Every structure is written in C-alpha cells, then in structure tokens.
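The lines below spell out each chain.
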Amino acid sequence: MTVFGGMGEARRSATLTGMQWEDDGIVLTVRRHGETSALVTLLSRSHGRHAGLVRGGTSRRLRGILQPGNKIHAVWRARLPEHLGTLACEPIDSVAAALFGHPRRLRALSAACAVTEAALPEREPHPEIHDALANLLKAMGDDEGWPAIYVKWEVDLLRYLGFGLDLAVCAATGERGHLTYVSPRSGRAVSAVAGEPYRAKLLPLPSFLLTGEREVGSDVVAEGLRLTGYFLERHVFAHRGYRLPAARRRLADLFAKDME
C-alpha cells in the first residue's frame, strides 16, 4: 500500500487574493507566542509548509483545534507576502482527539508531523506529500497495520524528495529474489547470497516493503524504521545540520524496546 496518490474525497478549492489565501491544511507544530497567541505551522495542499500567527491560539476553544495532525480550514493574511502573517482556523477533522487512548499511534502522529515539518522547504506546494500525510493519518485511526504503513510512508517521502530507494533488484547480481539487505551507500537492495560477506555493514531490508504485507511484528517495524531513519538523516537532514526529529527518534525507540 502506498499512501501517496489521490485522496478520493472532495476538497475545498484554494484561493489567493492579494496578501490572503484560503486552503485546507494539516497542523504540524504549535508553539506558544506571547501571552495568548500561538505560532502554527501547517501543511496546506496548495501553499505547502506555511506558518502564521493565530491570535488567541492558547484559548480553550482553539487549543483543541490546534493540535498536530488535526485538519483545519485556514485563511492566511499579511500586509506583504514575506511577512509571517496571521491565520484564522476552523476545524475539519480532529485526528489527534480520535487517537487519545492509543499512545503508540499518538507517538507516530507526532513523528510524522515532525518529520514533515523538518523535511520540507517553506511555502513550496507539495500536494502529493499533503495527500500522503492525510492518508497516513487516516490509516492510524482505522487500520491495524498502521506501523507498516508508517514505514512505507517514509519510503515514499524519500522518493518524493528525490532520494528514492531502489529495492527492485540486487545491486550486485541483478537478481530479483531473496533481497534481504540495503546498501547504506547506494540505497539499493542486495540479495542474501551477495550480501552475506558484508552483512555487518548492510542495513536489513524488511520483506513487507517488497510484499505489501501490513500485519508485521514490532521487530520488523523497528528494522524498517532503522532503514528509513538512516536515509532520512543522511539525505534530508544531515546537510542542514539536523538530526532526525526527537519525536521520530522516540517512535523508533518504542519499537526497538519490543525487541529487547
């Protein structure tokens, strides 16, 4: 299952008028600003990762709306396009509230929002990534196979950002079967036989990334998170001087502990 692709549901059309736009978005981060306001970063479908000031964002009414993962309808206004601007927000879907009582899913939600916020340049449209994140958040709510779907989401995110893994054939032999490793240098699959002499230097390739299986154990999910985390940190974050976001590291630690 790939989470990239069409959402298959109606969307409000985005509009741009002067220093104002209107669009649907997913809340990524919320930070307190001053006494009563909040600095909110969201991923809108037509305007990309975009920040704005929400006046009264710490009020009781808005606190429930401004939670990472929630879907909102936003109106952004500013005097000049380079300004921070303000956001007016109305709720569409309270994804975070639906996951209360599911700490693993909430941790995965935090990880997905943190990775998205850190990986994308500001104010550049990425509709495929927006739709993929929306699909992932839906899966967290109603699909028991959500951990495998999360790992596949990171694989697809790498691909969309231009760092796709080549898992189709063995890099050494061209063989299509028995692929069990990934080269940390090239991001290409390696077969069991070809990789055996170098296994200590290779990354494990979880079979569910090849078969599409969703019901997998925590140990296999941990391997998948190790794989995608390595390439996210190397290709997406390292050249900016970043590590993987803390929320993403906590998610990996959660599944790794199940292996102990």
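Structure's up top.
Keep in mind the model is a prediction, meaning the values are calculated, not measured.

Criteria and thresholds
Residues numbered from 1 in each chain as written. Predicted model: local features only at pLDDT ≥ 70, side-chain atom pairs only at ≥ 80, totals over all residues. Heavy atoms only, no water. Helix = DSSP H or I, 4+ residues; strand = E, 2+ residues; numbered from the N terminus. Buried < 20%, exposed > 50% of the residue type's maximum accessible area, 1.4 Å probe, protein only. Contact = heavy atoms within 4.5 Å. Axes fitted to C-alpha atoms, helices over the stretch in contact; angles between N-to-C directions. Parallel < 35°, antiparallel > 145°, perpendicular 65-115°, else oblique. Left-handed = near helix turned anticlockwise from the far one by under 90°. Nonpolar A, V, L, I, M, F, W, Y, C, P; charged D, E, K, R; others polar.

## Let's talk about the environment of Val115
Then comes step 1: Turning to its location among the elements, Val115 is positioned in helix α3 (residues 103–119).
Then comes step 2: Here Val115 falls in the buried class, since its relative accessible area comes to 0%.
Then comes step 3: Beyond its immediate sequence surroundings of up to four residues, Val115 is in contact with Tyr150, Trp153, Glu154, Leu157, Leu232, Phe237, Pro245 and Arg248.

## Some thoughts on unusual backbone geometry
Then comes step 1: A positive phi is found at Arg123, a non-glycine position, where the angle reads about 65°.
Then comes step 2: Note on placement: Arg123 falls in the loop between α3 and α4 (127–142).
Then comes step 3: Owing to a relative accessible area of 29%, Arg123 belongs among the partly exposed residues under this scheme.
Then comes step 4: Positive phi outside glycine occurs at His178, with the angle close to 55°.
Then comes step 5: Its place among the elements puts His178 in the loop between α5 (146–160) and β7 (179–182).

## As for the packing of α5 against helix α8 (residues 218–237)
Then comes step 1: One way to put it is that α5 packs onto α8 with a least axis distance of 10 Å and a crossing angle of 20°. Judged by the inter-axis angle, α5 sits roughly parallel to α8. Two packed elements cross with a definite hand, and for α5 against α8 that hand is left-handed. Counted together, Pro147, Tyr150, Val151, Glu154, Val155, Leu157 and Leu158 of α5 and Val221, Gly224, Leu225, Thr228, Gly229, Phe231, Leu232 and Val236 of α8 form the full contact between these two elements.
Then comes step 2: A per-class count over the contact of α5 with α8 returns 11 nonpolar, 3 polar and 1 charged.

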